[in-house]
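Chain residues, written in single-letter form:
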Amino acid sequence: MRIERAELREVPLRLREYFEISSGGMQDRHILLLTLHGEGLEGWGECVASEEPTYSYETTETAWHILTEFILPNVVGRSADGPEDVLTPVRWIRGHRMAKAAVEMTAWDLAARMDGVSLAQKLGGTRPAVPVGVSIGLQKTDEALHEKIAGYLADGYARIKVKIKPGRDVEMLAGVRRRFPELRMMADANSAYTLADADRLAELDALDLMMIEQPLGHDDFLDHARLQQRMRTPVCLDESIEHEGDLALALELGSCRIVNIKPGRVGGHGPSRSIHDAMRAGGLPVWCGGMLESGVGRAHNVALASLPGFTLPGDISASRRYWERDLVEPEFEVSDGQMVVPRGVGIGVEPDRERIDALTVRRAVFG
Ligand code: OSB
Ligand code: MG
């Protein structure tokens, strides 16, 4: 496949609600959208970097810098054997997997369009619809959290993820469990604890959580392994798994039993498939996380989540859970705890070009 042209743009988009996690909060997203052009076709993708370096060292600004100065100038005007080969000319760039993933994923959409198939088909997806949940940010009060959960259950989500941090953990989740005895529930700490909190975290074992996500340091494989030995609740890693090597280390040490795969975090769909395959070979489940993407990024996530090993509900929620109005048509919807995987060619939803043009505040063109 030949990449003839690239266009990167920044599109500000305000979340309907402030989203707070243990390491910070988000309200006004700076969505980075990428298009790659070749053979008269156009692929779409999104960079998942956040505005502040809370979840990752990458930010929308570092991603803009790395994409415009180093990645896109070396990728545009070249031919690649396929989407997994597009980043070969920039293998020398250390890290910056979110910036790289944007290009790799966009190339997958372009490649699917060149083949005339859906992105899900191109990736090897097998399921027409995938189970989905919703991730709820830290709320001011327990009552507010209960209200939110009740609302999302009414919307039909298959599981609820609750953000936690020290001081807003065991008692808060015990209250949720009392009010919703049958709820499929999990917690995400975004690295808010240390191994010194192990006894406290082990109290969560009484609450029948599906898993606890990223309780300890973003790069602390050893302590996650020690913690997993001290609690029954499965540990799920998110921030820690940036590539296939991290997964190998985590499995060797026993740092987790579940992995949250975000293609935008691990460098794209290729690395996501490798992680999926390795987990599946070990009989371990994965699920697809989210980064408060627009519908463009969501389309990539739902296509990936149609692979057979994504057995647990993903953080892939309806467009209206995030935005007053999404950037794609039709918008994503949830019913009966499932999201339908688009069947059209490529990502299978149509970016609203006119609106995206009108909202764009920054643009860089290559080729
Ligand atoms: O830890 O999974 C996370 C959002 C931004 C940064 C990190 C995380 C999240 C979410 C939201 O949990 C998932 C979504 O609905 O997109
Ligand atoms: Mg997480």
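Please read all numbers here as calculations on a predicted model, not as lab measurements. (Residues numbered from 1 in each chain as written. Chains lettered and ligands numbered in written order. Predicted model: local features only at pLDDT ≥ 70, side-chain atom pairs only at ≥ 80, totals over all residues. Heavy atoms only, no water.)

Notes on the pattern of salt bridges
1) Next: Enumeration over the complete set of coordinates arrives at 30 salt bridges.
2) Next: Here D223 ties to R226 by a salt bridge, and the two come within 2.8 Å at their closest N and O atoms. You can see D223 and its partner R226 sitting in helix α7 (residues 221–230), three residues apart, about one turn around the helix.
3) Next: Look at D223 and you get buried, because its relative accessible area is 17%.
4) Next: On the basis of relative accessibility, which here comes to 41%, the residue R226 falls in the partly exposed class.
5) Next: The shortest N-O distance in the salt bridge between D238 and R265 comes to 2.6 Å. Residue D238 is located in the loop between β9 (235–237) and α8 (244–253), and its partner R265 is located in helix α9 (residues 263–266); the two are separated by 27 residues in the primary sequence.
6) Next: Accessibility expressed as a relative area gives 1% for D238, which makes it buried. (Salt bridge = Lys/Arg side-chain N within 4 Å of Asp/Glu carboxyl O. Helix = DSSP H or I, 4+ residues; strand = E, 2+ residues; numbered from the N terminus. Buried < 20%, exposed > 50% of the residue type's maximum accessible area, 1.4 Å probe, protein only.)

A short note on the domain arrangement of the chain
Interface size is commonly expressed as the accessible surface area that is lost when the partners come together.
1) Next: Each assigned domain of the chain is listed here: domain 1 (5–116 + 351–366) and domain 2 (122–340).
2) Next: At the interface, 39 residues of domain 1 touch 45 residues of domain 2.
3) Next: Across the domain 1 to domain 2 interface the summed buried area is about 3,700 Å²; carbon plus sulfur atoms make up 62%.
4) Next: When the area that domain 1 buries against domain 2 is broken down by residue, the three leading residues are R16, Y55 and R97, summing to 20%.
5) Next: In this assembly, domain 1 and domain 2 are joined by five salt bridges.
6) Next: Scanning the region where domain 1 abuts domain 2 turns up 21 residue pairs in polar contact (both at pLDDT 80 or more).
7) Next: Put simply, the parts of the chain that give the side of domain 1 that touches domain 2 at least two residues each are β1 (5–21), β2 (24–38), β3 (41–47), α2 (97–115) and α13 (353–359).
8) Next: The biggest single contributor to the side of domain 1 that touches domain 2 is α2, with 11 residues.
9) Next: The residue inventory of the side of domain 1 that touches domain 2, partitioned by class, reads 21 nonpolar, five polar and 13 charged. (Domains from an automatic or database assignment. Contact = heavy atoms within 4.5 Å. Buried area = accessible area lost by both parts, 1.4 Å probe. Polar contact = N/O pair within 3.5 Å; in protein donor to acceptor, adjacent residues only side chain to side chain. Nonpolar A, V, L, I, M, F, W, Y, C, P; charged D, E, K, R; others polar.)

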